[in-house]
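Structure at a glance
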Amino acid sequence: MGLIVIATTAIAFCSNPFLLGAAMLINGMMFAHLIELQHECMHGHAFHSPSLNRVFGVACGIFMASSNAHYRYGHLRHHAWLGTLRNLEHFNYRFANLHSLSGFTRAFFDLSRYKRVARILVCAFTGRMVPGVDKPKANREIKQEYLFYLAIFASSIAASIYSTHLAVIFLLA
Ligand SMILES: [Zn+2]
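These numbers come from a predicted model, not from an experiment.

Description of the domain arrangement of the protein
Domains assigned within the protein are domain 1 (1–62) and domain 2 (65–173). The centre of domain 1, based on its C-alpha atoms, is set 16 Å off from the matching centre of domain 2. Taken together, the contact between domain 1 and domain 2 spans 9 residues of the former and 11 residues of the latter. Those elements that place two or more of their residues in the side of domain 1 that touches domain 2 are α2 (17–43) and α3 (50–60). Tallying contributions element by element places α2 first for the side of domain 1 that touches domain 2, with 4 residues. Across the side of domain 1 that touches domain 2, the residue classes break down as 5 nonpolar, 3 polar and 1 charged.

Set out below in structure tokens:
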């Protein structure tokens, strides 16, 4: 967590392109590592307590907006249906057209993920079931976790705007 704070601070305040690149690389590696830790929580391997696994699983997913409950729901089905046509991955990377720049870029950024998260948030606000999730408890938890991530995202934007206003007021004073 300390590495993420240091790297993010460097990204916010540093103008040296080499330091910026190093900070982004560190953050990327740490975010990927957190998804691995979330994988352990989601399988129930990290702690004996299911509640602790969920709390830390949700915390690990904050930076990638990766819901612990959604990952768990999809990933356990992936394990159950491996080798069959029903097998789907939670992180569903595209492997088509990787030889072209546009195909590689689309796969690299996996922009469809943002659309998927937005669709789930719409379901959370309208009371509809999350597409592809037929268990009520999983539906409830998935919506709770994405709404929690939305609240953190909105709060951080509000805090940024507020602190910018404060900085402008201090500069003018
Ligand atoms: Zn697994």
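Quick word on the nonpolar core
Within soluble globular proteins, side chains that are nonpolar tend to cluster in buried spots. Judged by nonpolar contacts, Ala69, Tyr73, Ile120, Val130, Val133, Ile142, Tyr146 and Tyr149 together constitute the single largest core of 8 residues. Breaking this core down by element, the ones donating at least two residues are α4 (68–81) and α7 (136–172). If you tally residues by element for this core, the top one is α7, at 3 residues. Here alanine 69 is in contact with Ala138, Glu141, Ile142 and Glu145, once residues within four sequence places are set aside.

Considering unusual backbone geometry
Residues other than glycine seldom take positive phi values, yet alanine 65 does so here, at roughly 50°. Mapped onto the elements, alanine 65 comes out in the loop between α3 and α4. Taking the C-beta count within 10 Å as the criterion, alanine 65 has 16 such neighbours and is therefore assigned partly exposed.

What counts and how
Residues numbered from 1 in each chain as written. Predicted model: local features only at pLDDT ≥ 70, side-chain atom pairs only at ≥ 80, totals over all residues. Domains from an automatic or database assignment. Contact = placed C-beta atoms within 7 Å. Helix = DSSP H or I, 4+ residues; strand = E, 2+ residues; numbered from the N terminus. Nonpolar A, V, L, I, M, F, W, Y, C, P; charged D, E, K, R; others polar. Core = buried A, V, L, I, M, F, W, Y, C linked by C-beta atoms within 7 Å. Buried ≥ 20, exposed ≤ 12 C-beta atoms within 10 Å, placed from the backbone.

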